[in-house]
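# Close look at the chain arrangement
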Amino acid sequence: MKILSWNIRGLGNPRMYLALKKILQVHSPHLVFLCETKLKTMRMNEVSRKLNYENCFAVSSIGKGGGLALLWKSETNVQINSFNQHHIDAEIVMENGKLIRCTGVYGHPDMRQRKHTWTLLRRLSGFSSTSWSCFGDFNEILHPFEKSGGNERHLRLITDFREALRDCDLLDIGYKGYPFTWSNGKFGPAFVEERLDRFVCNGAWRDIFSDVVATNIDTWTSDHCPVMMEVQTRGCGMNFNQRRAARIHYENMWSPYDDCKEIVEEEWSTQGRWNIENPASVFQKVAKKSMARLILWSKEEFRGRQKKLEKLTKQLRSRKLNRVQYVDGNKIKEVERQIQNLLADEEIFWKQRSRADWLKGGDKNTKFFHHKASSKKKKKKKKNLGDRKCSWKLD
């Protein structure tokens, strides 16, 4: 099972939406927790459907800030327990009927009010003794080395966070990737970055799941980076991660391309010997060769963009690890700009192709639209047959 958490800082921003869309396409998490969506509930549900997540529970933003959302796929059985502006607590039903608990947390951004977040965690821990994982933007660090740049963090604030986790029997599961999850964006000597986003879990969670690990995912938009946890059950119980053999099948997205049609026509015209061989065996042989060529063509046609994106994200991570952000941010901004342009071009490409398909198949819908228009016309005619006393007039 994969769980992704991200303080996205405004999902209404097209740049943020495109970044989230690409991250979800690449990693395919089963459960997604978002902080600071800055969206009302109805709008958040619309965005969830556009992202192909059938289920969404949203906490509406207040004014221009806040807003939480929990998104999940149809194969994941989720039940919401409680929520407010700083958390969404849910239970997931495993295939063997057992429950696990997941809580998305948004720590109070005001350090003077952060104690209320720790009080909330303690209260939530008392509701159930089941396997429990908390994740999100806690707005606090656990160790002094989780901050780089700026003034040192007050030890009292760090201690309060540690004590809250200890009281709840929650442990940080660590991370892979870049060590920090937030930055102030002030490139140069004033640059500050911290590890504010994380996953923590209790002992019961670690007893069920093996190889619990969180990954800090590279981002090029928000000042926070997404964090994803991927877990695998010990023994049986939840088989989200059980790999199945890849099923080779024809993709509908290939159909509008002339290259696709040419490949299929060429194979069927040159390979088919219907008068000599068994038609069933000929069909099988030709279909297999056609599919092999189509798969190679698809890789060249569509995966070039993905490889370029991977190359740019690696370049972005390399520059951050070399700490160029503490000297000059122009190099990082340039890579972020290239990534954003790549995603924008990809979005335009798919929209144009979608419109081309609609225009090409428009005449196929003529009968349907004609039927709808005729129905409206008939309804209007019937409506006009009645007089003001609602009695029918006969010719």
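This one's a predicted model, so the numbers in the text were calculated from it and none came from an experiment. (Residues numbered from 1 in each chain as written. Predicted model: local features only at pLDDT ≥ 70, side-chain atom pairs only at ≥ 80, totals over all residues. Heavy atoms only, no water.)

## With respect to the sheet that holds strand S13 (residues 193–194)
Across the sheet, three strands lie side by side as S9-S13-S12; this open sheet has antiparallel pairing. The open sheet has two free edges, formed respectively by strand S9 (147–148) and strand S12 (182–183), since each of these has just one partner strand. The sheet contact formed by S9 and S13 spans two bridges and is antiparallel. When the bridges of S13 are listed, Ser-148 appears paired with Glu-193. (Pairing = 2+ DSSP bridges. Helix = DSSP H or I, 4+ residues; strand = E, 2+ residues; numbered from the N terminus.)

## Some remarks on the sheet that holds strand S7 (residues 99–106)
The strand order S5-S6-S7-S8-S14-S10 describes an open sheet built from six strands, whose pairing is mixed. The strands lining the two open edges of the sheet, one partner per strand, are strand S5 (78–84) and strand S10 (171–172). One ladder, built from seven bridges, connects strand S6 (residues 87–93) with S7; its direction is antiparallel. Looking at the pairing, Ala-90 lines up with Cys-102 of S7. Across the sheet, helix H3 (residues 115–125) lies against S5, S6, S7 and strand S8 (131–137), angled at about 170° from S7, the strand it touches most. (Contact = heavy atoms within 4.5 Å. Axes fitted to C-alpha atoms, helices over the stretch in contact; angles between N-to-C directions.)

## Some words on the packing of H3 against helix H4 (residues 155–167)
The relative placement of two packed helices comes down to the angle between their axes together with the axis-to-axis distance. Viewed as axis vectors pointing N to C, H3 and H4 meet at an angle of 5°, and their least axial separation amounts to 9 Å. Between H3 and H4, the crossing angle belongs to the class labelled roughly parallel. Counting all contacts with H3, which are made through Trp-118, Leu-121 and Arg-122, the residues of H4 involved are Asp-160, Phe-161, Glu-163, Ala-164, Leu-165 and Asp-167. (Parallel < 35°, antiparallel > 145°, perpendicular 65-115°, else oblique.)

## Description of unusual backbone geometry
Here Arg-9, not a glycine, exhibits a phi torsion of approximately 55°, which is positive. Inspection of the secondary structure puts Arg-9 in the loop between strand S1 (2–7) and helix H1 (14–27). Despite not being glycine, Asn-52 shows a phi value in the positive range, around 70°. With respect to the element layout, Asn-52 can be found in the loop between helix H2 (41–50) and strand S3 (55–59).

## Comments concerning the pattern of salt bridges
Under the definition given, this model contains 20 salt bridges. The shortest N-O distance in the salt bridge between Arg-9 and Glu-36 comes to 3.3 Å. Here Glu-36 lies in the loop between strand S2 (31–35) and H2 and Arg-9 lies in the loop between S1 and H1, a separation of 27 residues in the sequence. Among the residues examined, Arg-9 registers a relative accessible area of 30% and is labelled partly exposed. A salt bridge links Glu-46 to Arg-43, with the nearest nitrogen and oxygen atoms 3.3 Å apart. With Glu-46 and Arg-43 both in helix H2 and three residues apart, this pair spans about one turn of that helix. On the accessibility criterion, Arg-43 (36% relative accessible area) is partly exposed. (Salt bridge = Lys/Arg side-chain N within 4 Å of Asp/Glu carboxyl O. Buried < 20%, exposed > 50% of the residue type's maximum accessible area, 1.4 Å probe, protein only.)

## A look at the side chain of Thr-219
Mapped onto the elements, Thr-219 comes out in the loop between strand S15 (209–216) and strand S16 (227–233). Taking relative accessible area as the criterion, Thr-219 reaches 4% and is therefore assigned buried. Only 3.4 Å separates the side chain of Thr-219 from the backbone nitrogen of Thr-221, close enough to count as a polar contact. The contacts of Thr-219, once residues within four sequence positions are left out, are Trp-6, His-224, Cys-225, Pro-226, Leu-316, Lys-320 and Glu-336. (Polar contact = N/O pair within 3.5 Å; in protein donor to acceptor, adjacent residues only side chain to side chain.)

## Side note on the pairing of S1
Burial analysis of S1 places six of its six residues in the buried class, which makes it a mostly covered element. Here S1 pairs with S2 via five bridges, running parallel. By the bridge assignment for S2, Ser-5 is matched with Phe-33. Read as a crossover between parallel neighbours, the route from S1 over H1 to S2 is right-handed. (Right-handed = clockwise from strand over helix to strand, strands pointing away.)

## Section: H2
Among the residues making up H2, those that are buried are Met-44, Val-47 and Ser-48. The arc that holds every buried residue of H2, seen down its axis, measures 105°, which confines them to one face. The outward face of H2, more than 90 degrees from its buried face, is lined by the exposed residues Met-42 and Arg-49. Looking one or two residues beyond H2, the residue adopting positive phi is Asn-52, at roughly 70°. (Arc of directions from axis to C-beta.)

## Details of a negative patch on the surface
A grouping of Asp-258, Asp-259, Glu-262 and Glu-265 is seen on the molecular surface, where their side chains present a negatively charged patch. Mapped onto the elements of the fold, Glu-262 is located in helix H6 (residues 258–271). The class of Glu-262 is partly exposed, set by a relative accessible area of 47%. (Patch = residues over 30% accessible without salt bridge, like charges linked within 9 Å, V, L, I, M, F, W, Y side chains within 5 Å. Areas by Shrake-Rupley, 256 points an atom, 1.4 Å probe, with all protein chains shown as cover. Lys, Arg positive; Asp, Glu negative; His and termini not counted. Charge placed at Lys NZ, Arg CZ, Asp CG, Glu CD.)

## Comments concerning the confidence of the model for the protein chain
Do not read the predicted coordinates in detail wherever pLDDT is low. Averaged over the protein chain, the pLDDT score is 82; the fraction of residues at 70 or greater is 80%. Counted against residues more than four places away or in other chains, residues 363–370, with its pLDDT under 50, gives zero contacts. Here residues 379–395 is a poorly scored stretch, pLDDT under 50, and it has seven contacts once near neighbours within four places are set aside; other chains count. (pLDDT = per-residue confidence, 0-100.)

## Concerning the side chain of Ser-133
Note on placement: Ser-133 falls in strand S8. Under the relative-accessibility criterion, Ser-133 is labelled buried at 0%. Side-chain polar atoms of Ser-133 contact the backbone oxygen of Val-200, separated by 3.2 Å. Once you skip the residues sitting within four places of it in the chain, Ser-133 turns out to touch Arg-101, Cys-102, Thr-103, Phe-199, Val-200, Cys-201, Trp-205 and Met-229.

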